[in-house]
Each structure stands twice: as structure tokens, then as C-alpha cells.
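# Working through the structure, step by step
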Amino acid sequence: MAAGLSAQAQAMPAGIPLVDIGALYGDDPAAKKAVAAKIGAACDDIGFFYAVNHNVSTDVIDRALAAVDRFFSLPTEEKLKVECDRNNRGYRKVGDTVHANGKASARDSFDLGFPVTEDDPEVKAGTPLYAPNNWPDTPGFREAVETYYGETYKLGMKILEGFAIYLGKPEDFFTRHFTKPVADMVINHYLGARGLHISDQASGPHTDHGIVTILWQDMLGGLEVMGKDGEWMGVTPLRGSYVINIGELMKRWTNGRFKATVHRVVHLQDKSRYSMPLFCNPNFRTMVDPRDLGVSDADAKYPPVMSGDFLMSRFKATRKLWGAEDKAVVSNDDKLIEKAVD
């Protein structure tokens, strides 16, 4: 059964639109254009929206969540058997992410990416961000998470088709750059009150690095988005929905038209919270240039940039695994974020 329609009956936070994207799976050009207009309006305005009627089944989500919960319940030494490498594959322990406010995030994570094998040309060439996934021996984990990744990835491609339609381009304008994408998923395990000895911060204020984030969050809540007034507003969990948001790379591609909005996670409940964002980013060598979308040389705010180089620059600034250094003085200023890469 496809998930999503029940969300429309639930309470909505002000400022985060809900979009029924079902028409993107159909063949009616007018219906697709109408959905794309709603998606585009949300991206122009705040860069966040809920997606419902998205064809990712509740069974697929539930199986993945159960497998994830079993993995994160393991002793730390077991999880470290698949410790994360520089290609973002495997288990990341607490404290890897560097925030501008100097606080650690009270969460650990498991990272995976688009499936490639050891004999893939990019892997053999040593191209960054390409590597086989680093799966634990936990029974059922790989099957459940790999299936979930694949279904969420299909949703991401539909969202990208919607972007293209809205921007007046062929449906494959973006997806044709996703033949072997740097599309990483991060499964976040927030420690809640058990993590308060580490930090009072679940995930510090930040913007996402790439093109678009396809986020499933559990029903505990905690995601907050900075509104236009500079104040935080909660992104209430809506059962059956995904939260979609724009990253810095897509902001560049649209010449600042689409908004990459600051967000954070606050989680103080005494129980584990899970989120599973898929960061949909194109092939490593994709050139991102606002001129591709009809922006003139005179009006272009950003020079062309290679997608993979841009992502690596962000990882180097925000992840200790990539060499980031935490030099910030710890601050309780809830508006401090990492500087966006220009």
C-alpha cells in the first residue's frame, strides 16, 4: 500500500506546504505541471515542503526502521566493525560533525551510497565518494536498508522531474545527470536525553550541501526550520509523508531562486529518535551552472562548479573524518551556522 494521503488530515505547521505528488507518477502533462507549480512555489519561498502520495510503501519503511533499530542497539564495538571511511560508507560514531557553535551533536549515524562494486571504473580510479557500501553482519539489515534506499531514490528522481517541469526544462534535465550519482543516505540515531552528557544539541543549525534532500523522520518530532523572521518553527511529523528540502548546490544551480534554508534538530526525549535522509546529488563530474537554466552572464551570481568538488569542500568543512577542525568556542547562539561555500 502506498503511503501518504492520511497526512493531509493532520495538523500542519505554518509555512511548510504539503504537496500531493501523485500526478508525477502518471502520464497527464497538465496534472504534472500543476504539481510542479506547487513544488516550485515551495522551493522559491522557503525551500521545504511535505510530499505525500509518493509510492514508498509503509512496509518498506517499517522493515528498514526495524533493521536500523536492531543495528543501533548493538554494542559500540560491534558497530565499529563497519566504521565509516572517507567515502562516507559505514558507521559514524558520535562527534564527527563540526558545527559553527562548537557543540557536538548527540547522535551517531550509518552512511551508505549509490551501489557500486569493487570493479566499478570510478572505484578502481579512486574517484572520491565512490565505494561499495560497508554492510554490517546484522541479519536482514542490508536487504531492508538497500530496498528502502532504492525506493526513496525513485522518489527523489520524481521530485527532480518536478523541478525540471517547473523551471521550463525537459523532465530529464536533472535526472540525466544521475546515472552514477553521489546520492548518499545518512541514517541518524539521535540519543535523546541519554545524550545530554555529550551535548544538548541533536543536530546543530545548518543548511544541506547538495541538490535535494528526501527525508523520512519518525513520529517523535524535533526537526525545526528557521522562518523568514529568523525564528524556529517545528516541522511536525506527518504520518506517511516525506520532508523535502533544497541544498546549497541546487540554490546555486537556480541562481538563488530556490532557497537552502537553515534547519536543526532538537531532541530531548528519553528515547531514540531516527531519521533517514537521502541526499540526492548528481554524478561527481556534473557541472552546476545557473546559465544552464537561462540565467545571463551578467545576472549569474555563481560561477560554474563541479558537483563532486563542491560536496567535498563542504565535507572538509563540516566532518572530522574529512579533516574538519573544531576551532569554535562553544556558544548557545542558536543562529550560528557553518558558512556556505561560495
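Heads up: the structure comes first, above all this text.
If you're wondering where the values come from, they're calculated on a predicted model, not measured in any experiment.

Looking only at helices and strands, one finds seven helices and 14 strands in the chain. Per-residue burial over the chain gives 57% buried out of 342 residues. Sequence-distant contacts in the chain: of pairs separated by 6 or more residues, those separated by 24 or more amount to 78%. Accessible area for the chain stands at about 14,100 Å²; split by element, carbon and sulfur atoms hold 52% of it.

Turning our attention to the pairing of strand E8 (residues 223–226). A two-sided burial pattern is seen for E8, the buried positions comprising Leu 223 and Val 225 on one face and Glu 224 and Met 226 on the other. When E8 meets strand E9 (residues 232–234), the two strands line up antiparallel, connected through three bridges. In the sheet register, Met 226 faces E9, and the bridge partner there is Trp 232. Where E8 hands over to E9, the hairpin turn is made up of five residues, of which Gly 230 adopts a positive phi near 85°.

All right, on to the sheet that holds strand E11 (residues 263–265) then. Sheet strands associate in pairs through backbone hydrogen bonding, adopting either a parallel or an antiparallel arrangement. What the four strands build is an open sheet, ordered E6-E11-E8-E9; its pairing is antiparallel. In this open sheet, the two edge strands, each paired with only one partner strand, are strand E6 (203–206) and E9. Each neighbouring strand pair of the sheet contributes to a mean axis angle of 20°, computed without reference to strand direction. Judged from the two bridges that link them, E6 and E11 form a sheet pairing that is antiparallel. Looking at the pairing, Ser 203 lines up with Val 265 of E11.

Mapped onto the elements of the fold, His 189 is located in strand E5 (residues 184–190). Residue class for His 189 comes out buried when judged on its relative accessible area of 4%. Within polar-contact distance, the side chain of His 189 engages the side chain of Asp 108 at 2.7 Å. Reaching out from His 189, the side chain makes a polar contact with the side chain of Ser 272 at a distance of 2.9 Å. Those residues in contact with His 189 that lie beyond four places of it in its chain are Phe 72, Ala 106, Arg 107, Asp 108, Arg 194, Ser 272, Arg 273 and Tyr 274.

What follows deals with the packing of aromatic side chains. All told, the structure shown has 16 aromatic pairs when counted by the stated rule. The structure contains a cluster of three or more aromatic residues connected by ring pairs, namely Phe 71, Phe 72, Tyr 91, Phe 110, Trp 135, Phe 141 and Tyr 274.

For helix H5 (residues 141–166), which comprises 26 residues, the first-to-last C-alpha distance of 37 Å matches the rise-based estimate of 38 Å (1.5 Å per residue) to within 8%. Positive backbone phi, at 75°, marks Gly 168, one or two positions downstream of H5.

What follows concerns the environment of Ile 246. Within the secondary structure, Ile 246 sits in strand E10 (residues 242–246). Overall, the relative accessible area of 1% leaves Ile 246 in the buried class. The spacing of Ile 246 and Cys 43 is 203 residues in sequence and 7.0 Å in space, taken between C-alpha atoms. Leave out the neighbours within four places in its chain, and Ile 246 touches Cys 43, Gly 47, Phe 163, Ile 211, Lys 251, Phe 258, Lys 259, Ala 260 and Thr 261.

Another point: the pairing of strand E2 (residues 48–52). Of all five residues that make up E2, five are buried, and the element is covered over most of its length. As judged from the three bridges shared by strand E1 (residues 18–20) and E2, these two strands associate in the parallel manner. Bridged to Leu 18 within E2 is Tyr 50. Between the parallel elements E1 and E2, the chain passes through helix H1 (residues 29–45) in a crossover that is right-handed.

Counting across every chain of the model gives 18 salt bridges. In this structure, the salt-bridge partner of Asp 45 is Lys 228, at a minimum N-O distance of 2.2 Å. With Asp 45 in helix H1 and Lys 228 in the loop between E8 and E9, this residue pair connects regions lying 183 residues apart in the sequence. Note on Asp 45: relative accessible area 35%, which makes it partly exposed.

Turning our eyes to something else, we now look at the nonpolar core. Grouped together as the largest cluster of nonpolar side chains are 61 residues, with contacts concentrated most on Phe 110 and Phe 163. It is H5 that contributes the most residues to this core, 12 residues altogether. When neighbours within four sequence positions are excluded, Phe 163 is seen to be in contact with Ile 39, Cys 43, Phe 174, Val 212, Ile 246, Met 250 and Phe 258. Phe 48, Tyr 190, Leu 215 and Val 243 belong to the second-largest nonpolar core, a separate cluster that totals 13 residues.

Our focus in this paragraph is the sheet that holds E5. Strand order in the open sheet made by the eight strands is E1-E2-E10-E7-E12-E5-E4-E3, with mixed pairing throughout. Each of the sheet's edge strands pairs with one partner strand only, and the pair in question is E1 and strand E3 (90–92). Strand after strand, the sheet turns through a mean of 25° between neighbouring axes, direction not considered. Running over the sheet, H5 touches E2, strand E4 (107–112), E5, strand E7 (212–217), E10 and strand E12 (273–280) and is turned about 130° from E7.

Conventions adopted
- Residues numbered from 1 in each chain as written.
- Predicted model: local features only at pLDDT ≥ 70, side-chain atom pairs only at ≥ 80, totals over all residues.
- Heavy atoms only, no water.
- Helix = DSSP H or I, 4+ residues; strand = E, 2+ residues; numbered from the N terminus.
- Buried < 20%, exposed > 50% of the residue type's maximum accessible area, 1.4 Å probe, protein only.
- Contact = heavy atoms within 4.5 Å.
- Areas by Shrake-Rupley, 256 points an atom, 1.4 Å probe, with all protein chains shown as cover.
- Pairing = 2+ DSSP bridges.
- Axes fitted to C-alpha atoms, helices over the stretch in contact; angles between N-to-C directions.
- Polar contact = N/O pair within 3.5 Å; in protein donor to acceptor, adjacent residues only side chain to side chain.
- Phe/Tyr/Trp six-rings, centres within 6.5 Å; stacked < 30°, edge-to-face > 60°.
- Expected span 1.5 Å × (residues − 1).
- Right-handed = clockwise from strand over helix to strand, strands pointing away.
- Salt bridge = Lys/Arg side-chain N within 4 Å of Asp/Glu carboxyl O.
- Core = buried A, V, L, I, M, F, W, Y, C linked by side-chain atoms within 4.5 Å.

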